[in-house]
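This is what each chain is made of:
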Amino acid sequence: MNKRITIFVASHSGALVKQVTLPRIFLVGIGFLVVAGIISAGVVFSNYITLKKKAASARLLSETIESQQNALAEQQQQIKGLVDRINMMKSQLFALRDFEKKIRVIADLESQSESTGLFGIGGVSLKEINAQDCTEERQNALVREMHQQLNLLDNAFSGQEDGLSSLLSCLEDKRRLLASTPAIRPMNGGWITSRFEYRKSPFTGRREFHHGLDIAASMDTPVIASADGKVIFCGTKGGLGKAVIIDHGRGIVSRYGHLNKLKKKKGDFVSREDIIGTVGNTGQSTGPHLHYEVRVNGVPVDPEKYILN
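Here the structure is a predicted model, which is why all the values come from computation and not from measurement.

Q: Tell me what's going on with the overall build of the chain, and back it up with residues and numbers.
A: A tally of helices and strands in the chain yields three helices and 14 strands. Of all 309 residues assigned to the chain, the portion counted as buried reaches 29%. For the chain, restricting intrachain contacts to residue pairs at least 6 apart in sequence, the fraction spanning at least 24 positions comes to 62%. When the accessible area of the chain is evaluated, it comes to approximately 19800 Å², of which 56% is carbon and sulfur surface.

If you want it as structure tokens, here you go:
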């Protein structure tokens with residue numbers, strides 16, 4: 001049965017009342033459309049709110065990812081800096097080790113142990129650091145590894161420092177040894193008139209062994225110590241006339257005879273090239289000259305074998 005609904009429309013202006021008759025199903029359809037529109041609007045609004053929340057979450061996630069990427073990039077730079085530092089320290093350590101070896105060879109010193117603490121110290125490839133799949137966890141592991149290697153290098157440097165300290169001590173001993181070894185002429189100028197050899201004595205005419213060097217020079221030419229040492233005699237000594245005797249240690253003694261003036265006294269410590277007296281003609285001498293001897297454990301040796309200049 002097709003029911004109808006009549007709607008009366010009145011006007012405030014006094015116009016005639018209008019009558020509209022509509023089928024009931026038409027009104028039901030309009031009502032359904034209105035309700036459907038309201039529901040659709042609600043669904044759209046709900047989806048809009050949901051999408052807005054998801055967009056905010058996406059922005060936050062994007063910012064978090066960007067922050068993590070920046071942190072990873074900064075960490076990569078730190079790792080690269082550590083790698084550069086490790087490589088530089090390794091180069092310096094190897095250079096120091098090679099330098100120590102050369103000095104020990106030159107100075108004829110015993111070599112140190114080859115162990116410098118470098119064993120087990122590896123390296124990290126920069127490709128590995130720059131890899132796209134280098135995660136934060138992996139980079140943290142690399143940082144820990146770099147710090148461990150730096151600690152090993154610090155220990156290696158400490159060992160190298162001990163080795164260099166030992167080398168310095170040995171070189172100082174060598175320096176003292178060389179400084180106390182008669183290695184220079186006991187005067188500047190002059191000429192050798194008699195060597196460490198058999199000769200005819202100018203006093204007896206007999207063949208005898210001459211235990212030193214005779215160096216002729218003008219009166220009062222300065223006589224210098226041929227090495228560091230301690231004056232153990234300064235005065236007149238038999239045929240040597242005025243003489244100075246210096247103990248250089250290790251059983252080595254140098255003797256300077258026929259002097260005119262004595263510039264040192266017993267007990268004085270002298271350094272190489274210190275003036276200890278002047279050329280004279282005292283004792284058994286036929287003219288101004290210096291008699292120079294070197295004795296080892298009391299036995300005369302050829303002084304010319306010690307002279308380097």
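Q: Describe the packing of aromatic side chains, naming the residues involved and giving the relevant values.
A: Under the counting rule described, the total for this entry stands at three aromatic pairs. Relative to Phe 209, the ring of Phe 196 has its centre 4.9 Å away and its plane inclined at 85°; by these criteria the two rings are edge-to-face. You can see Phe 196 sitting in the loop between β3 (191-194) and β4 (197-200) and its partner Phe 209 sitting in strand β5 (residues 207-210), a full 13 residues away along the chain. Taken together, a centroid distance of 5.4 Å and an interplanar angle of 40° make the contact between Tyr 256 and Tyr 292 tilted. In this pair, Tyr 256 is assigned in strand β10 (residues 252-262) and Tyr 292 in strand β13 (residues 289-296), connecting sequence segments 36 residues apart. For Tyr 256, a relative accessible area of 0% gives the class buried. The ring of Tyr 198 carries the charged tip of Arg 207 above its face, separated from the ring centre by 4.1 Å. The residue whose ring lies beneath Lys 237 is Phe 233, and the NZ or CZ to ring-centre distance is 5.1 Å.

Q: Give me the lowdown on the nonpolar core, citing residues and values where you can.
A: One recurring pattern in soluble globular proteins: nonpolar side chains tend to sit buried together. In terms of nonpolar packing, the biggest core is built from 19 residues, with Met 187, Val 223, Val 244, Ile 246, Tyr 256, Ile 276 and Leu 290 touching the most fellow members. Of all elements in the fold, only β6 (213-216), β9 (242-249), β10, β12 (275-279) and β13 reach the threshold of two or more residues within this core. Excluding its chain neighbours within four sequence positions, the residues that come into contact with Ile 246 are Ala 225, Gly 229, Lys 230, Val 231, Ile 252, Val 253, Ser 254, Tyr 256, Val 270 and Ile 276. Leu 82, Val 83, Ile 86 and Leu 142 belong to the second-largest nonpolar core, a separate cluster that totals twelve residues.

Q: Can you explain the layout of surface pockets? Please cite residues and give values.
A: There is about 490 Å³ of room inside the largest pocket. Together, 26 residues line the largest pocket, and Arg 199, His 210, His 258, Gln 284 and His 291 are the ones closest to its centre. Going through the elements one at a time, β3, β4, β5, β6, β10 and β13 are the ones with two or more residues in the lining of the largest pocket. The element best represented in the lining of the largest pocket is β13, accounting for four residues. Classifying every residue of the lining of the largest pocket by side-chain character gives six nonpolar, 13 polar and seven charged.

Q: Outline the side chain of Ser 254, supporting the account with residue identities and numerical values.
A: Note that Ser 254 resides in strand β10. A distance of 2.7 Å separates a polar atom in the side chain of Ser 254 from a polar atom in the side chain of His 248. Polar side-chain contacts of Ser 254 include one of 2.9 Å to the side chain of Tyr 256. Apart from the residues within four sequence positions on either side, Ser 254 is in contact with Ser 226, Val 244, Ile 245, Ile 246, His 248, Tyr 292, Glu 293 and Val 294.

Q: Summarise unusual backbone geometry; cite the residues concerned and give the values.
A: For Arg 250, which is not a glycine, the phi torsion comes out positive at approximately 55°. Looking at the secondary structure, you find Arg 250 in the loop between β9 and β10. Despite not being glycine, Asn 297 shows a phi value in the positive range, around 55°. Structurally, the position occupied by Asn 297 is in the loop between β13 and β14 (299-301).

Q: Lay out the pairing of β6 in plain terms, naming residues and giving numbers.
A: Burial along β6 is two-sided: Leu 213 and Ile 215 facing one way and Asp 214 and Ala 216 facing the other are all buried. Two strands pair when backbone bridges link them, and β3 and β6 are joined in this way by three bridges, in the antiparallel orientation. Looking at the pairing, Trp 191 lines up with Ala 216 of β6.

Q: Outline the pairing of β13, listing residues and values.
A: Judged by how many residues are buried, β13 sits mostly within the fold: six of eight residues are covered. Here β6 runs beside β13; their pairing, made up of four bridges, is antiparallel. What sits directly across from Ala 216, in β13, is His 289. One ladder, built from six bridges, connects β10 with β13; its direction is antiparallel. When the sheet's bridge partners are listed, Ser 254 is paired in β13 with Val 294. In terms of strand pairing, β13 meets β14 through three bridges, oriented antiparallel. Paired with Val 294 across the two strands is Val 301, which belongs to β14. In sequence, β13 turns back onto β14 through a hairpin of two residues, with Asn 297 there showing a positive phi of about 55°.

So, how was this worked out
- Residues numbered from 1 in each chain as written.
- Predicted model: local features only at pLDDT ≥ 70, side-chain atom pairs only at ≥ 80, totals over all residues.
- Heavy atoms only, no water.
- Helix = DSSP H or I, 4+ residues; strand = E, 2+ residues; numbered from the N terminus.
- Buried < 20%, exposed > 50% of the residue type's maximum accessible area, 1.4 Å probe, protein only.
- Contact = heavy atoms within 4.5 Å.
- Areas by Shrake-Rupley, 256 points an atom, 1.4 Å probe, with all protein chains shown as cover.
- Phe/Tyr/Trp six-rings, centres within 6.5 Å; stacked < 30°, edge-to-face > 60°.
- Lys NZ or Arg CZ within 6 Å of the ring centre and 35° of its normal.
- Core = buried A, V, L, I, M, F, W, Y, C linked by side-chain atoms within 4.5 Å.
- 1 Å grid on protein atoms, 1.4 Å probe; cavity = no way out; pocket = protein on both sides within 12 Å on 5 of 7 lines; lining within 4 Å.
- Points joined across faces, edges and corners; volume = space filled by probe spheres on them.
- Nonpolar A, V, L, I, M, F, W, Y, C, P; charged D, E, K, R; others polar.
- Polar contact = N/O pair within 3.5 Å; in protein donor to acceptor, adjacent residues only side chain to side chain.
- Pairing = 2+ DSSP bridges.

Everything listed is a geometric property; what it means functionally is a separate question.
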